[in-house]
Amino acid sequence: MKLLVINGPNLNLLGIREPELYGGQGYSDLERLVQDTCAEAGITVTLFQSNHEGAIVDEIQRAYGIQDGIIINPAAYTHTSIAILDALKAVALPAVEVHITDIENREVFRRHSYTGMACIKTIAGQGLDGYRQAILFFQAYLGR
Ligand code: CA2
């Protein structure tokens, strides 16, 4: 099984600012969590982070015919990007949206997710563990 894990804008700053919201662990800790969880589950994983909407669209397109599923935290693009929504729909790979924080209980503008409309599941408010939960979800979903 092959998974692509995409992280959107500013998530490379994890652990540097706003630890009260996003926790104290850094982006490299997130990378290690994803790599270790996938290794234990026998999953081949590709990690991708970008601050650019078009680069994220390109990476989703590249996944077509290569990856079995996508885990995506589009960050702020969650709430704005019809381009990422369209790319997810176009490649038609199963996708799970992850948010570190509980987007339902923050500012009103974070409650709506365009990208979530193309995802089979959303995991929010679980901190970095949400990525581990998404990987385990795929293990059960694709291993069925
Ligand atoms: O809760 C999440 O995972 C979010 O996707 C995080 C985004 C936010 O725009 C979404 O509404 C919810 C923001 C990511 C910014 O990450 C930072 C990390 C450290 C310091 C500053 C920003």
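Further up the page is the structure itself.
Residues numbered from 1 in each chain as written. Predicted model: local features only at pLDDT ≥ 70, side-chain atom pairs only at ≥ 80, totals over all residues. Heavy atoms only, no water.

A. Region of the structure containing the sheet that holds strand β5 (residues 121–124). Pairing is parallel across the open sheet formed by five strands, whose spatial order is β2-β1-β3-β4-β5. Two strands lie at the open edges of the sheet, namely β2 (44–49) and β5, each paired on one side alone. Between one strand and the next, the sheet's axes are offset by a mean angle of 20 degrees, whatever the strand orientation. Note that strand β1 (residues 2–7) and strand β3 (residues 69–73) share five bridges and pair parallel. Along β3, the bridge assignment pairs Asn7 with Asn73. (Pairing = 2+ DSSP bridges. Helix = DSSP H or I, 4+ residues; strand = E, 2+ residues; numbered from the N terminus. Axes fitted to C-alpha atoms, helices over the stretch in contact; angles between N-to-C directions.)

B. How the structure looks around the site of the ligand. By nearness alone, 17 residues border the ligand, and Asn73, His79, Ile100, Thr101 and Arg110 come closest of all. One of the backbone N or O atoms of Ala76 is found 3.4 Å from an oxygen atom in the ligand. His79 has a polar side-chain atom sitting 2.7 Å from an oxygen atom of the ligand. The protein chains hide 94% of the 510 Å² of surface that the ligand would expose on its own. (Near = heavy atom within 4 Å. Polar contact = N/O pair within 3.5 Å; in protein donor to acceptor, adjacent residues only side chain to side chain. Areas by Shrake-Rupley, 256 points an atom, 1.4 Å probe, with all protein chains shown as cover.)

C. Region of the structure containing the packing of helix α2 (residues 27–41) against helix α5 (residues 129–142). Close contact between α2 and α5 brings their axes to 9 Å; oriented N to C, the two are set at 25 degrees. Compared by their axis directions, α2 and α5 come out roughly parallel. In the crossing of α2 with α5, the sense of the turn from one axis to the other is right-handed. Across from Leu30, Leu33, Val34, Thr37, Cys38 and Ala41 in α2, the residues of α5 making contact are Tyr131, Arg132, Ile135, Leu136 and Gln139. By residue class, the composition of the contact of α2 with α5 is eight nonpolar, two polar and one charged. (Parallel < 35°, antiparallel > 145°, perpendicular 65-115°, else oblique. Left-handed = near helix turned anticlockwise from the far one by under 90°. Contact = heavy atoms within 4.5 Å. Nonpolar A, V, L, I, M, F, W, Y, C, P; charged D, E, K, R; others polar.)

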